[in-house]
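# Working through the structure, step by step
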Amino acid sequence: MSGQDVNLVLRSTRVVTPEGTRPASVAVAGGTIDAVLPYDADVPAGARLEDFGDDVLLPGLVDTHVHVNDPGRTEWEGFWTATRAAAAGGITTLLDMPLNSLPPTTTVENLRTKQGVAGPKAHVDTGFWGGAIPSNVKDLRPLYEAGVFGFKCFLSPSGVEEFPELDQEQLARSMAEIAGFGGLLIVHAEDPHHLAHAPQRPGPAYADFLASRPRDAENTAIEGLIAHARRLNARVHVLHLSSSDALPLIAAAKREGVRVTVESCPHFLTLTAEEVPDGATEFKCCPPIREAANQDALWAGLADGTIDCVVSDHSPCTTDLKTSDFASAWGGISSLQLGLPAIWTEARRRGHSLDDVVRWMSAAPAELAGLTRKGAIEAGRDADFAVLAPEATFTVDPAELFHRNQVTAYAGKTLHGVVRSSWLRGVRIAFDGELAEPTGRLLERDR
């Protein structure tokens, strides 16, 4: 330890490190973790000690799937509100999706516009995905060189006309281009033909909506995606996996050496189709929340490593867009502030540890995006932390959330895990629901 440079020591009887949870003192110098020390290590002269007792010190969470919608649809969310919600929920790094903002992040000029809006408002470190649409193959390499972390595409309609989906030929062309410079393609994988042939019955019945987004749409799209990735030796990532039927296919591809990774989301892992009331479109998302048996299989896929990480897919909208008709209501779950307690509540019930949750929600998303300074409490990483009281409970009151629109599928649920504070590069940015002024940085891909 370089004692004279250490200005802060964080101490807890439970510190989650890559080697496991143990009592420790974490020394911070200049916003970086200097050393992870024995619990009773001497505090260097001039350093401040923060002792959290038995509350758990975690690495700050990394959420690589957030729709901030700013600029252009800021009334849906915005960088100010989204990053405050993230900080309050223990997330210290997020990556913004390229669509639902106007303009979408499909050119370097549009990226610069978005960065200009985000810079003064970011309470947490914020990076950006680029978008892959039919018309912008020529823009992909320049966007990558400008620092985006990879590229998102849709295989079925995105819901907004300025971000059209790719057909199979366009997918192959974009994937080949991205593979050519070593980039990552992240994919909303639902097959449009299966969706077009599924029964479409508008109205408030959740069962009708579920039938309109069948598992086969996901399974077929993922099968095709894996085939392209195998042929092109491309790196691909399946977004928001909801169909457990696809897990054997994904596991086989991984064993074969296909470069495919997979995420799922808190709503698929904690909410079930059986509990969704008719007309309750705060539960609507695409792909949809499926049955309890499907959820059990997703947890098995998470436990065995077929699913790599858990991220929010926070996709908010204004309250008026959540009509009682599942066919016409906007599809998206607002959960940015609640992902950690939601997952921890279900994980502990299923016998998993906080070490598992940290691997799924911090280490693995950081690795996916190449964020080498994030995702772990170890020397050389950014001093980003969340302090969690894992045994404490709270009941979700939408009025207490920092999301711009306080509509959430978790309303009224009692969850385990209260986030006491969040720290960004050694500075406390959230404490018992109070937020500091924004100090987040705009991140670019490590070159």
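These notes cover the structure that comes with them.

Parameters and conventions
Residues numbered from 1 in each chain as written. Predicted model: local features only at pLDDT ≥ 70, side-chain atom pairs only at ≥ 80, totals over all residues. Heavy atoms only, no water. Salt bridge = Lys/Arg side-chain N within 4 Å of Asp/Glu carboxyl O. Helix = DSSP H or I, 4+ residues; strand = E, 2+ residues; numbered from the N terminus. Buried < 20%, exposed > 50% of the residue type's maximum accessible area, 1.4 Å probe, protein only. Pairing = 2+ DSSP bridges. Axes fitted to C-alpha atoms, helices over the stretch in contact; angles between N-to-C directions. Contact = heavy atoms within 4.5 Å.

## Some words on the pattern of salt bridges
- Under the counting rule described, the total for this entry stands at 28 salt bridges.
- In this structure, the salt-bridge partner of E190 is R213, at a minimum N-O distance of 2.8 Å. On the criterion of sequence distance, the pair formed by E190 in the loop between β11 (184-188) and α5 (192-197) and R213 in the loop between α6 (206-212) and α7 (215-232) is long-range, its members being 23 residues apart. Side by side, E190 and R213 carry an identical accessibility label, which is buried.
- The residue K374 makes a salt bridge to D384 at a minimum N-O spacing of 2.7 Å. On the criterion of sequence distance, the pair formed by K374 in the loop between α12 (354-369) and β15 (385-395) and D384 in the loop between α12 and β15 is long-range, its members being ten residues apart.
- Given the relative accessible area of 4%, K374 is considered buried.
- In this structure D384 comes out as buried when scored by relative accessible area, which is 4%.
- Here the residues in one salt-bridge network are D125, R373, K374, D382, D384 and R425, joined through shared partners.

## Focus on the sheet that holds strand β7 (residues 91-96)
- Within the open sheet, the three strands sit side by side as β6-β7-β8. Their pairing is parallel. Pairing within the sheet leaves two strands with one partner each, and these edge strands are β6 (61-66) and β8 (125-128). If you compare each strand with its neighbour and ignore which way they point, the axes differ by 20° on average.
- Its contacts with the sheet put α12 on β6 and β7, and the angle it makes with β6 is roughly 55°.

## Description of the sheet that holds strand β12 (residues 235-238)
- Spatial strand order, β9-β10-β11-β12-β13-β14: six strands in an open sheet with parallel pairing. Each of the sheet's edge strands pairs with one partner strand only, and the pair in question is β9 (130-131) and β14 (309-310).
- Sheet topology places strand β10 (residues 151-154) next to β11; four bridges connect them, and they run parallel. Looking at β11, one finds that F154 is bridged to H188.

From the geometry alone we can't say anything about function, so treat these as descriptive.
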